[in-house]
Structures are given as C-alpha cells and as structure tokens.
Amino acid sequence: MHGTVTSVSRSAEYTFTKPTCESITLLAGLGVEGDVHAGVTVKHRSRVAKDPTVPNLRQVHLIHRELFAELDAKGFPVRPGDLGENVLTSGIDLLALPTGTLLHLGEEAVVEVTGLRNPCPQINAFQPGLLKEVLHRDEETGAVVRKAGIMSVVRRGGVVRPGDPIRVELPAEPHRPMERV
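Cut-offs applied
Residues numbered from 1 in each chain as written. Predicted model: local features only at pLDDT ≥ 70, side-chain atom pairs only at ≥ 80, totals over all residues. Heavy atoms only, no water. Helix = DSSP H or I, 4+ residues; strand = E, 2+ residues; numbered from the N terminus. Buried < 20%, exposed > 50% of the residue type's maximum accessible area, 1.4 Å probe, protein only. Polar contact = N/O pair within 3.5 Å; in protein donor to acceptor, adjacent residues only side chain to side chain. Contact = heavy atoms within 4.5 Å. Phe/Tyr/Trp six-rings, centres within 6.5 Å; stacked < 30°, edge-to-face > 60°. Lys, Arg positive; Asp, Glu negative; His and termini not counted. Salt bridge = Lys/Arg side-chain N within 4 Å of Asp/Glu carboxyl O. Core = buried A, V, L, I, M, F, W, Y, C linked by side-chain atoms within 4.5 Å.

Caption draft 1: Inspection of the side chain of Asn56 at higher detail. Relative to the helices and strands, Asn56 resides in the loop between helix H1 (45-50) and strand S5 (60-64). Residue Asn56 is classed as buried on the basis of its relative accessible area, which comes to 3%. A polar side-chain atom of Asn56 sits 2.9 Å from the main-chain amide nitrogen of Arg58. Setting aside residues no more than four positions away along its own chain, Asn56 makes contact with Leu30, His37, Ala38, Gly39, Val40, Thr41, Val42, Lys43 and Val153.

Set out below in structure tokens:
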C-alpha cells in the first residue's frame, strides 16, 4: 500500500486549526518539532487535566484528504490544517489500518499508528454540525464511527514534505483494529 503526503501543518500554540508549512520535522519519541502536542507525555489539555503522566500516544495526527472531499460534498468545506492534523495524506484508507501499522513518510520518518482520533465538540465551533459527520453511530451495528483521522507516535525522525511518498508496513497478524486514543 502506498500513498502521498499532500500537506503538513504544525502550531506552537493550542489552536483548533494548524497553519500549513513547507515541511515538518518529526522527532523520535516526541512528535512534530515546534508543535504544542509534541512530548513524551500527553499534551492535549483534556488529557493533561486527567493525568499529565500518561504516555503521549497522540504525537502526530494524520487525516486522509478523501475525508475532505466527502465533507465538502455534504456542505462542510475543509482545507489542509483546518482540523488540526499534522499530516494530510491521499491514497491510503487510514481508518482501515490496524494498530501498530508503520507509516514510512518520505525518506526517513516512520510513525506507528496508535489509534483513532476522538473528535471533540470544538469541531462544532469550527463549523456547526461538523461533529456529527466525523463522529456518529453506524445505522446497522450501532457502533461508534470515528472519521477524524488517526494518531501515531514517532519511531524514527525525519523531515516530511508535501509530495513525499508514504509506504505502509502492516504489523504481524493477528491485526488489532484501532480504538480511540
């Protein structure tokens, strides 16, 4: 499985959206250099409030560009960085990947998939009604469906740029489906 990095973003402050940039540098065990969510322990404010010593399984946030097209068709225009992602991808069904998948981004960087992003109500402040498009219940099974991207940790650092290839390395079977992190 192969895909492409279409955009990269980071923010040094707690903001819902993140500005796009020419490149980001991933730091092994930490996350995106210069991003407020980088660190060994949790950096998301709600999680810090619960327990600031918990390991940071949300160092790098990835979203598939295909979601943006789906949202746009439903009247929710979204641009790169708008949903706070660090890496916008194309060509890979991120939501179908198992936990532990390695994503090789560009020439050097490698991230390990830790789970699904659990979108928060702030998304409705960005665009009213958007939360129900990225977090809802499956009509047939009743299972919660999370579509706001995936989270990962940095296993090997490196520079990541738009246009970089993405190579998917699946973990050994049996595969574990992603859960929210």
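Caption draft 2: Looking closely at the packing of aromatic side chains. The full count for this structure, using the stated rule, is one aromatic pair. Ring geometry for Phe16 against Phe126: centres 5.6 Å apart, planes inclined by 35°, an arrangement best described as tilted. Here the residue Phe16 occupies a position in the loop between strand S1 (2-9) and strand S2 (20-21), and Phe126 occupies one in helix H3 (residues 122-126), the gap between them amounting to 110 residues. Residue class for Phe16 comes out buried when judged on its relative accessible area of 18%. According to the relative accessible area criterion, Phe126 is partly exposed, its value standing at 26%.

Caption draft 3: Region of the structure containing the side chain of Arg146. Relative to the assigned elements, Arg146 resides in strand S10 (residues 144-146). Buried charge Arg146 goes without a salt bridge, the closest partner of opposite sign being Glu179 at 8.5 Å. A distance of 2.7 Å separates polar atoms of two side chains, one belonging to Arg146 and the other to Asn118. If near-sequence neighbours (up to four positions away) are discounted, Arg146 is found in contact with Leu95, Leu116, Arg117, Asn118, Pro119, Val134, Leu135 and Arg180.

Caption draft 4: Spatial organisation of the nonpolar core. Judged by nonpolar contacts, the single largest core of 23 residues is most densely connected at Leu26, Val60, Leu97, Leu103, Leu105, Ile150 and Val160. Elements supplying a minimum of two residues to this core: S1, strand S3 (24-27), S5, strand S7 (102-105), strand S8 (109-116), strand S11 (150-156) and strand S13 (165-169). In terms of residue count, the dominant contributor to this core is S8 (four residues). Beyond its immediate stretch of four places on either side in the chain, Leu97 contacts Met1, Ile92, Leu103, Val113, Ile150, Val168, Leu170 and Met178. Of all hydrophobic cores here, the second largest spans 14 residues; its members include Ile63, Phe76, Leu131 and Val134.

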